[in-house]
Amino acid sequence: MHKHQGTHHQERCRKEKPKLVLAGNPNVGKSVFFNSLTGIYVDVSNFPGTTVDLSIGYYDKYMVIDTPGVYGVSSFNDEESVAKDSILNADIILNVVDAVHLERDLFLTQQIIDMGKPMVVALNMMDEVERTRMQIDIEKLSNLLGVPVIAASAVKGIGIEEIKKQLLSGGAVGNTIPEIQSLISEARSYVKSNGEALMLLEEDENILNQYCLRKKYGYRENFYNLRRKHVNIIANQVISRSVSKGSVLDAFGNMLLRPVTGIPLLILLLFMLYKLIGEVIAQHIVGITENIIMGTYYYNFVIQLSNKIIEPNTFIGALLFGEFGIFTMVPIYIIGLLLPLVIGFYLFMSVLEDSGILPRIAVLVDRLLNFIGLNGRAVIPLILGFGCVTMAIMTTRILGSRRERIIATMLLSVAVPCSAQLGVIIGIAATLSPQLTLIYVFTIFLVFVILGTLLNLLLPGQSSELMIDIPPVRIPQARNILKKTAAKSKMFLYEAGPLFLLGGILITIMQYTNMLEAISNWFSPITVNFLQLPLETTNTFIMGIIRRDFGAAGLNTMVAQGLLSTSQVVVALIVITLFVPCIASIMVIFKERKISDALLIWINSFIIAFGIGGLVSHILI
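Notes on the structure follow.

What counts and how
- Residues numbered from 1 in each chain as written.
- Predicted model: local features only at pLDDT ≥ 70, side-chain atom pairs only at ≥ 80, totals over all residues.
- Heavy atoms only, no water.
- Helix = DSSP H or I, 4+ residues; strand = E, 2+ residues; numbered from the N terminus.
- Rg over C-alpha atoms; globule rule 2.2 N^0.38 Å.
- Buried < 20%, exposed > 50% of the residue type's maximum accessible area, 1.4 Å probe, protein only.
- Areas by Shrake-Rupley, 256 points an atom, 1.4 Å probe, with all protein chains shown as cover.
- Lys, Arg positive; Asp, Glu negative; His and termini not counted.
- Charge placed at Lys NZ, Arg CZ, Asp CG, Glu CD.
- Expected span 1.5 Å × (residues − 1).
- Bend = angle between axes of the 7 residues up to and from the residue.
- Axes fitted to C-alpha atoms, helices over the stretch in contact; angles between N-to-C directions.
- Parallel < 35°, antiparallel > 145°, perpendicular 65-115°, else oblique.
- Contact = heavy atoms within 4.5 Å.
- Patch = residues over 30% accessible without salt bridge, like charges linked within 9 Å, V, L, I, M, F, W, Y side chains within 5 Å.
- Salt bridge = Lys/Arg side-chain N within 4 Å of Asp/Glu carboxyl O.
- Pairing = 2+ DSSP bridges.
- Phe/Tyr/Trp six-rings, centres within 6.5 Å; stacked < 30°, edge-to-face > 60°.
- Right-handed = clockwise from strand over helix to strand, strands pointing away.

## Comments concerning the overall build of the protein
- Helix and strand counts for the protein come out as 28 helices and ten strands.
- Relative to a compact globule of 621 residues, whose C-alpha radius of gyration would be 25 Å, the protein shows 28 Å and is just as compact.
- Along the first, second and third principal axes, the C-alpha atoms of the protein reach 80 × 60 × 50 Å.
- In the protein, which comprises 621 residues, the share counted as buried stands at 55%.
- Within the structure as shown, the protein displays about 27,300 Å² of accessible surface, and the carbon and sulfur contribution to it stands at 62%.
- Each charge class in the protein can be summarised by its mean position, and for the 49 positive and 47 negative side chains these summaries are 2 Å apart.

## Considering helix 23 (residues 515-530)
- With 16 residues, helix 23 should reach 22 Å at 1.5 Å per residue; the first-to-last C-alpha distance of 23 Å fits that figure.
- Along helix 23, the sharpest kink reaches roughly 40 degrees, centred on F523 and followed within four residues by the proline P525.
- Of all the positions in helix 23, only L516, S520, F523, S524 and T527 are classed as buried.

## Things to note about the packing of helix 12 (residues 248-257) against helix 16 (residues 357-370)
- The geometry of helix 12 relative to helix 16 is characterised by a closest axis approach of 8 Å and an angle of 25 degrees between their N-to-C directions. Taken together, helix 12 and helix 16 sit at an angle that is classed as roughly parallel. Contacts between helix 12 and helix 16 pair F252, G253, L256 and L257 from the former with I357, R360, V363 and L364 from the latter.

## Some thoughts on a nonpolar patch on the surface
- Nonpolar side chains collect at one region of the surface, where F442, F445, L446, V449, I450, L454, L457 and L458 lie side by side and expose about 800 Å² of accessible area between them.
- With respect to the secondary-structure elements, F445 resides in helix 21 (residues 434-458).

## Section: the pairing of strand 5 (residues 92-98)
- Summarising burial for strand 5: seven of the seven residues are buried, a large majority.
- Two elements, strand 2 (residues 19-24) and strand 5, share five bridges in a ladder whose sense is parallel. The partner of L20 across the bridge, within strand 5, is I92.
- Here strand 5 pairs with strand 6 (residues 118-124) via six bridges, running parallel. Bridge pairing in strand 6 links N95 to V121.

## Considerations on the packing of aromatic side chains
- Taken as a whole and assessed by the stated rule, the structure comprises twelve aromatic pairs.
- The interplanar angle of 80 degrees and the centroid separation of 5.3 Å between the aromatic rings of W602 and F606 together place this pair among those described as edge-to-face. Of this pair, W602 and F606 both sit in helix 28 (residues 595-620), four residues apart, roughly one helical turn.
- On the basis of relative accessibility, which here comes to 17%, the residue F606 falls in the buried class.

## Some details on the environment of V449
- With respect to the secondary-structure elements, V449 resides in helix 21.
- Accessibility expressed as a relative area gives 31% for V449, which makes it partly exposed.

## Topic: the pattern of salt bridges
- Scanning the model with the defined rule gives twelve salt bridges in all.
- When the shortest N-O distance is used, the salt bridge between D597 and R402 registers 2.9 Å. Taken together, the residues span a long stretch of sequence, with D597 in helix 28 and R402 in helix 19 (residues 402-415) at a distance of 195 residues.
- The class of R402 is partly exposed, set by a relative accessible area of 43%.
- With a shortest N-O distance of 3.5 Å, E592 and K591 are connected by a salt bridge.
- On the accessibility criterion, E592 (17% relative accessible area) is buried.
- Classification of K591 as partly exposed rests on a relative accessible area of 48%.

## Quick notes on the pairing of strand 6
- With seven of seven residues buried, strand 6 lies mostly within the body of the structure.
- What you see with strand 6 is no split at all: P118, V120, A122 and N124 on one side and M119, V121 and L123 on the other are buried throughout.
- For the segment spanning strand 5, helix 4 (residues 102-114) and strand 6, crossover handedness is right-handed.
- As paired elements, strand 6 and strand 9 (residues 172-173) share two bridges and run antiparallel to each other. Bridging from a neighbouring strand, M119 pairs with A172 of strand 9.
- As paired elements, strand 6 and strand 8 (residues 149-151) share three bridges and run parallel to each other. Looking at strand 8, one finds that V121 is bridged to V149.

## Digging into the environment of I285
- Relative to the elements of secondary structure, I285 occurs in helix 13 (residues 259-309).
- Overall, I285 belongs to the partly exposed group, its relative accessible area being 38%.
- Separated by 29 residues in the primary sequence, I285 and L256 have C-alpha atoms spaced 31 Å apart.
- Contacts of I285, omitting those with residues within four sequence positions, involve V280 and P340.

## Regarding helix 24 (residues 537-546)
- The buried fraction of helix 24 is high, at eight of ten residues.
- Those residues of helix 24 that sit buried are T537, T538, T540, F541, I542, G544, I545 and I546.

## So, unusual backbone geometry
- At M125, a residue that is not glycine, the phi angle is positive and equals roughly 65 degrees.
- Mapping M125 onto the fold places it in the loop between strand 6 and helix 5 (126-131).
- In this structure, Q532 is a non-glycine residue whose phi angle is positive, near 60 degrees.

Don't take any of this as a statement about function, it's just geometry.
So, in structure tokens, the structure goes:
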């Protein structure tokens, strides 16, 4: 559970304050309401899986809980279980409904009403309703449901004050479907609440296990049909539509979903992403932040300060201010190099998410990714990997199963170069002939496809299917984009910072104890005899473990000095791309995956890099 506030006083308040739970389908804007109520920012997105954990804050007399988006209250997956438990324990529900998809969202609304919970309904995205020439009779909807219904547009702040007023007044218990209500009354004696009685009737596994009951009701399908029919009747009474030709944004959204037009648009978007990250940020902005601000001004200041307080040749001096020191490499790497790349990536991704483009990309590539055991959701970490593999591996949390997370992590670790490394690789590839460059690109692509296909065949279980809502294409709100970018960048610093710190300490210890030299000597026979590369290349591979672009930069120096033939350059580029990720990514892999999975990924990346590199070497050299 993700806790935004954590003092002892707040822990006590959690037990005392009534619980206000935000519930709704994915992508209906719950997180914006959470932010408006609590003042705490959480991820606001059009992509499922971005709000996986519970977010907790406080508003007036309530403890506010933001739950994952779900289509129904059940225990079919982790997100539904988390949402179900929160709803069952709630004192009042703020049900956020997408007004454009009212027929769909009212199913969850009616299910929560059947649970007997006091509720306020926020009818969000009413501005989209007006744009689509749809009319909703809100007063009639409120009467039919039996709960307050407030028209709102959360991103514009419309309806927020009225919703707060209704929440403070306690909401209302709605109109339960009569056939369901009579059965709930019968089952109520077995459990503690109407909500649990409903879950019992729907044969929820967790409730059955909790009360040691056998399955004997079997009303799930019956209730579903009753509820669906009831909701359709309500929707037909309150919704009316006018004929609309659709806007330019609608036409653009439809183009993204068709392969004929969507694939060229996707290529254009990826090219724009590369220009932003690979050129504008990686080459120009990072040149200022890493080389000038952090690499010159900050570094000189720290070294001058260190000379006054500690002997630089001692172990402590090396640990704090050495080549890989806590106050030298770690902040220069994180703030000077990675932070600008992270901010740029999250800025671009936030625009894609909030505009509704990203779900369309996921649908567009879903069938292609199915061949390697992934679905369209995986497009997020795979694209992010070209910015920062460390960040991308963290993002694999959004994938629906363990096997998908292993496949994506393996592909990111082996066949996706980060932007810092990619910039150097492109510079080196520019010195090669088009034919040799094509061999490099084709080899990496082939490894990506074959590795993904093999993992899909060999790993047990089934990958999840893509279940995704397609929101309308809209102009994103600059304020939300900047908030999201800032929040995600801050989260990256919190999560990756300690790992870089640990990595710097480990490398300093290895360097000070001559372990790095020993590792280099151990690798030398593989480098010289199997890969047919100069002995000095071993050091570039080892430096690549510390930081991917260190290895690429070392290779660039060797190319500039004429130590490698063009064929050897291709082999070295292939190995350094497929080689194990940087130490920060390794730390994240061990943090995010089981130790056995992480070790398997790490060891196989060695085997694949040297195996493929050796194969290409014996063909070309």
